[in-house]
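Letter by letter, the chains look like this.
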Amino acid sequence: IYGGLKALPGAQPWQLSLQVRPQGSSQAYRHTCGAVLISSCWALTAGHCINPNNQMQVMAGGLSLGKDEPTEKTIDVDQAIKHEKYMETPEAVYNDIALLKLKGTRGRCLNETQFVRAACLPDAPFPDGTECTISGWGATEYSLYGSSNLLDAQVLLINQESCSDKEVYGNIIDNTMFCAGHLQGGVDSCQGDSGGPLTCNKEGTHVLYGLVSWGDQCGRKNKPGVYTRVSHFTDWIQSKIQAV
Ligand code: 4AZ
């Protein structure tokens, strides 16, 4: 996160760290992406965060990647479901979403606490200009390697027309994504934040509106962050969860 501040305990209780290691290895797991808890046993992340050759786990309820905290809980990923229409081009990523099923018994995986809680899925669009929150352990203006502390920042929803301006991203923006940030630059998500949340407030409820997806570098003028439009995928999410 560029232009962010240390998240306060319990401020982003749906934020997960998606951690990977090669299949069958005994190496330590390392943070690779963000993810977002949407129920006790399910999380969302970006499609581009999924590599079928890796074993995955998620860490919930923690703010620091370096140290073990009493509030944190780590749990294995049982199954990853990447969107069937996921597509990467040199310029953009389309349908950049995946579901993670967590390991558990009888529909219980992560228990809700003050520090671990599911985000709500959207049922209506938010207006352009709405101030929303992004968070993650990704790269910052100070470090390419990311932050060991969870950071958060405020960004504005940018309308599809402005984001498709030739000075911004031109015609590569489709309705599976939206832009958010500050066109003057400075505040943005970055590498390592991918798959993490953009939440907006609706009558005091935090709604998961976007997943960190891509952008032309980070924090640059006229190059806002691009987010997977979660509202475009709510039927897909429901159908996959029901089918399992
Ligand atoms: C990345 O490389 C990435 N500024 C993620 C987010 C943004 C840019 C790049 C948005 O994963």
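The written sequence of each chain sets the order in which its residues are numbered from 1. This being a predicted model, a pLDDT of at least 70 is required before a residue's local features are given, and a value of 80 or more before pairs of side-chain atoms are given or counted; all residues contribute to the totals for chains, interfaces and linings. Water and hydrogen atoms were dropped before computing side-chain values, which therefore reflect all heavy atoms in the structure.

Novice: Looking at this structure, I do not really get the state of the cysteines. What am I missing?
Specialist: A covalent bond bridging the sulfur atoms of two cysteines is what the word disulfide describes. In this description, a disulfide is simply a cysteine sulfur pair whose atoms lie within 2.5 Å. Per the counting criterion, the structure on display carries five disulfides. Covalent S-S linkage joins cysteine 33 and cysteine 49, the inter-sulfur distance amounting to 2.1 Å. With the S-S bond torsion at -85°, the cross-link from cysteine 33 to cysteine 49 turns out left-handed. Of this pair, cysteine 33 sits in strand β3 (residues 30–39) while cysteine 49 sits in the loop between β4 (42–45) and β5 (54–60), placing them 16 residues apart in sequence. A simple rule labels every residue: compare its accessible area, found with a 1.4 Å probe on the protein chains alone, to the largest value its type can have, and call it buried under 20%, exposed over 50%, or partly exposed in between. We classify cysteine 49 as buried; its relative accessible area is 7%. Helix and strand assignments follow DSSP, with helices taken as H or I runs no shorter than four residues and strands as E runs no shorter than two, numbered in order from the N terminus.

Novice: Got a minute to help me understand the packing of aromatic side chains in this structure?
Specialist: How two aromatic rings sit relative to each other is set out by the distance from centre to centre and by the angle between their planes. Put simply, two rings from Phe, Tyr or Trp (the six-membered ring, in Trp's case) pair if the centres are within 6.5 Å, and we call them stacked under 30 degrees between planes, edge-to-face over 60, tilted for the rest. Here the structure, examined in full by the defined rule, presents four aromatic pairs. Summarising the aromatic geometry, the rings of phenylalanine 178 and tyrosine 209 are spaced 5.3 Å apart at their centres and angled 40° between planes, so their arrangement reads as tilted. Residue phenylalanine 178 is located in strand β12 (residues 177–181), and its partner tyrosine 209 is located in strand β14 (residues 205–214); the two are separated by 31 residues in the primary sequence. Judged by centre distance (5.8 Å) and plane angle (20°), the rings of phenylalanine 178 and tyrosine 227 are stacked. Highlighted residues: phenylalanine 178 in strand β12 and tyrosine 227 in strand β15 (residues 225–229), separated in sequence by 49 residues. As far as the burial class goes, phenylalanine 178 and tyrosine 227 line up, both buried. Members of the aromatic cluster, each reached through a chain of ring pairs, are Phe126, Phe178, Tyr209 and Tyr227. Above the face of the tyrosine 86 ring, lysine 82 is positioned so that its terminal group lies 4.3 Å from the ring centre. Two thresholds decide whether a charge sits over a ring: the Lys NZ or Arg CZ must be within 6 Å of the ring centre and within 35 degrees of the ring normal.

Novice: Explanation requested: unusual backbone geometry in the structure shown.
Specialist: One can expect most non-glycine residues to show negative phi and most peptide bonds to be in trans. For glutamine 217, which is not glycine, the phi dihedral falls at a positive 55°. Residue placement: glutamine 217 occurs in the loop between β14 and β15. Look at glutamine 217 and you get exposed, because its relative accessible area is 55%. At asparagine 222, a residue that is not glycine, the phi angle is positive and equals roughly 65°. Within the secondary structure, asparagine 222 sits in the loop between β14 and β15.

By themselves these figures say nothing about function.
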